Amino acid sequence: MAKCVLLCLLVGLIGSQAQTPTLLRDTIWGEFPSVVRVKTPRENQFCLGTVINSNHVLTSAFCVLSYDRMRIFPARLVRVIGGDISVTPAAITRQTRTGQHIFVHEDYRPHTYENNLAIIRLAEPFHLPSNAIEEAVIRMRIVPEQHPCDVVTWYRAPGTEGNPSQEIPRQQAFNVNIRNRDVCAAERRTEFTLEENSLCTYTTTTIGVVQGDPMFCDGELTSIQSYVFLPPVTGQPQPQPQNQPNLVSTQVRFYLHWIHTQLNRTQPMPGGWNPVEY
């Protein structure tokens with residue numbers, strides 16, 4: 001009987017961890033100083049990036065490619081804004097840079113979201129050290145299941161028409177917990193696998209995220225958002241998607257060699273490169 005009670009308590013605790021309510025909140029100054037905005041020719045869309053060093057920013061391949069995923073945006077048309085956490089008013093610590101080169105992972109696959117990473121080399125480095133921008137610390141340790149982490153996003157909160165100050169696009173974050181990779185993969189209806197370099201997290205509500213949004217665990221850059229999928233509702237005649245999405249992200253630690261290669265790269269991407277033909 002005692003064993004049953006203990007087991008039930010453990011199951012209850014694990015379940016409560018998995019169901020931790022997801023709360024979207026505004027970030028505060030100095031909380032995620034390595035996170036920057038990336039503005040491309042895509043209308044009305046900001047991606048997020050993460051400062052690797054004063055000259056380079058890590059983001060998703062999705063962010064720097066055209067809508068059809070067939071070409072990389074010209075680097076000179078890509079702006080990177082750091083040292084600020086809202087669009088307006090501009091902080092005195094804001095630093096804006098244009099791109100010099102963009103390096104997309106050579107094995108990026110748009111249809112499967114594999115290797116969904118890109119490095120932006122800046123035409124002028126960020127001025128560091130700074131009180132508002134710093135290089136990200138990359139997590140090298142394995143993230144255990146149920147571990148709490150924070151996803152940083154760029155969000156305009158709905159339902160705030162009565163409060164103009166809340167209408168300003170700004171940096172926000174929300175909490176997630178790491179899920180078992182195999183359990184998460186089993187909920188995919190199209191492909192029952194998740195690569196080892198992926199992490200799956202669960203939210204209790206629908207929150208708008210963009211590929212490239214970074215996830216931090218214990219303050220360390222852990223992964224870059226890659227895609228979202230809705231698991232089917234079980235026990236129904238026809239499976240229906242749930243409202244609580246699974247977020248799948250790419251672990252940065254698996255790509256350290258590729259990242260460092262781009263930092264020292266002297267040649268641009270091949271002319272006419274696109275992920276469909278290469």
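What you see is a predicted model, and the numbers here were worked out from it, not measured in a lab.

What counts and how
- Residues numbered from 1 in each chain as written.
- Predicted model: local features only at pLDDT ≥ 70, side-chain atom pairs only at ≥ 80, totals over all residues.
- Heavy atoms only, no water.
- Pairing = 2+ DSSP bridges.
- Helix = DSSP H or I, 4+ residues; strand = E, 2+ residues; numbered from the N terminus.
- Axes fitted to C-alpha atoms, helices over the stretch in contact; angles between N-to-C directions.
- Contact = heavy atoms within 4.5 Å.
- Core = buried A, V, L, I, M, F, W, Y, C linked by side-chain atoms within 4.5 Å.
- Buried < 20%, exposed > 50% of the residue type's maximum accessible area, 1.4 Å probe, protein only.
- Domains from an automatic or database assignment.
- Arc of directions from axis to C-beta.
- Disulfide = S-S within 2.5 Å.
- Salt bridge = Lys/Arg side-chain N within 4 Å of Asp/Glu carboxyl O.

Trainee: Can you tell me about the sheet that holds strand 7 (residues 118–122), naming the residues and giving the values?
Mentor: With antiparallel pairing, six strands are arranged side by side around a closed barrel as 2-3-4-7-6-5. The sheet shows a mean angle of 40 degrees between the axes of neighbouring strands, direction not considered. Across five bridges, strand 2 (residues 35–39) lies against strand 3 (residues 46–53) in antiparallel orientation. By the bridge assignment, Val38 is partnered in strand 3 with Cys47. The sheet contacts of helix 3 (residues 256–263) involve strand 3, strand 4 (56–59), strand 6 (95–104) and strand 7, and relative to strand 7 the element is tilted by about 25 degrees.

Trainee: Please give an account of the nonpolar core that cites residues and values.
Mentor: Formed by 47 residues in total, the largest nonpolar core has its most connected members in Leu58, Val104 and Ile259. Sorting the residues of this core by element identifies strand 2, strand 3, strand 4, strand 6, strand 7, strand 8 (148–155), strand 12 (220–229) and helix 3 as the ones contributing at least two each. Looking at this core, you find at least three residues from each of domain 1 (35–134 + 258–264) and domain 2 (138–156 + 170–252). Residues contacting Leu58, with those up to four places away along its chain left out, are Gly49, Thr50, Ile52, Leu117, Ala118, Ile119, Leu221, Ile224, Val252 and Ile259. One finds Cys149, Val151, Phe174 and Ile178 within the second-largest nonpolar core, a separate group that totals twelve residues.

Trainee: Could you give an account of helix 3, naming the residues involved and the relevant values?
Mentor: Inspection of helix 3 places Leu256, Trp258, Ile259, Gln262 and Leu263 among the buried residues, and these make up the whole buried set. Projected onto a plane normal to the axis of helix 3, the buried residues spread over an arc of 165 degrees and lie on a single side. In this structure, the buried residues of helix 3 make contact with strand 3, strand 4, strand 6 and strand 7.

Trainee: Give a detailed account of the state of the cysteines, specifying residues and quantitative values.
Mentor: According to the stated counting rule, one finds two disulfides in the structure shown. The disulfide that involves Cys149 links it to Cys217, with 2.0 Å between the sulfurs. Every disulfide takes its handedness from the sign of the S-S torsion; for Cys149 and Cys217 that torsion is 100 degrees, giving right-handed. Placement of Cys149 in strand 8 and of Cys217 in strand 11 (residues 214–217) is noted, with a sequence separation of 68 residues between them. Each of the two residues, Cys149 as well as Cys217, counts as buried. What pairs with Cys184 in a disulfide is Cys200, and their sulfur atoms sit 2.0 Å apart. Sign of the S-S torsion, about 65 degrees for the bond between Cys184 and Cys200, identifies this disulfide as right-handed. Here Cys200 lies in strand 10 (residues 198–202) and Cys184 lies in helix 2 (residues 181–186), a separation of 16 residues in the sequence.

Trainee: Requested: an account of the pattern of salt bridges, with residues and values cited.
Mentor: According to the stated counting rule, one finds nine salt bridges in the structure shown. A salt bridge links Glu124 to Arg97; its shortest N-O distance comes to 4.0 Å. Placement of Glu124 in the loop between strand 7 and strand 8 and of Arg97 in strand 6 is noted, with a sequence separation of 27 residues between them. Overall, Glu124 belongs to the partly exposed group, its relative accessible area being 40%. Note that Arg139 is salt-bridged to Asp218, the shortest N-O span being 2.9 Å. You can see Arg139 sitting in the loop between strand 7 and strand 8 and its partner Asp218 sitting in the loop between strand 11 and strand 12, a full 79 residues away along the chain. Looking at Asp218, the relative accessible area reads 53%, which means it is exposed.

Trainee: Explain unusual backbone geometry residue by residue, including any values.
Mentor: Where the residue is not glycine, phi is negative for most of them; where a peptide bond is considered, it is trans in most cases. Here the bond from Thr88 into Pro89 is cis, since omega is -5 degrees, no more than 30 degrees from zero. Mapped onto the secondary structure, Pro89 falls in the loop between strand 5 (79–82) and strand 6. A cis amide bond, omega 0 degrees, links Leu128 with the succeeding residue Pro129. For Gln146, which is not glycine, the phi torsion reads 70 degrees and is therefore positive. Mapping Gln146 onto the fold places it in the loop between strand 7 and strand 8. According to the relative accessible area criterion, Gln146 is partly exposed, its value standing at 21%. A positive phi angle is found at Asp218, which is not glycine, with a value near 55 degrees.

Trainee: An account of the pairing of strand 9 (residues 170–178) is needed here, citing residue identities and associated values.
Mentor: Extensive coverage of strand 9 is indicated by the burial of eight of its nine residues. Sheet analysis places strand 1 (residues 24–26) next to strand 9, joined by three bridges and oriented antiparallel. Directly across from Arg25, in strand 9, lies its bridge partner Ala173. Inspection of the sheet shows strand 8 paired to strand 9 by eight bridges, in the antiparallel sense. Paired with Trp154 across the bridge in strand 9 is Gln171. As defined by bridge partners, strand 9 adjoins strand 10 across two bridges and the pair is classed as antiparallel.

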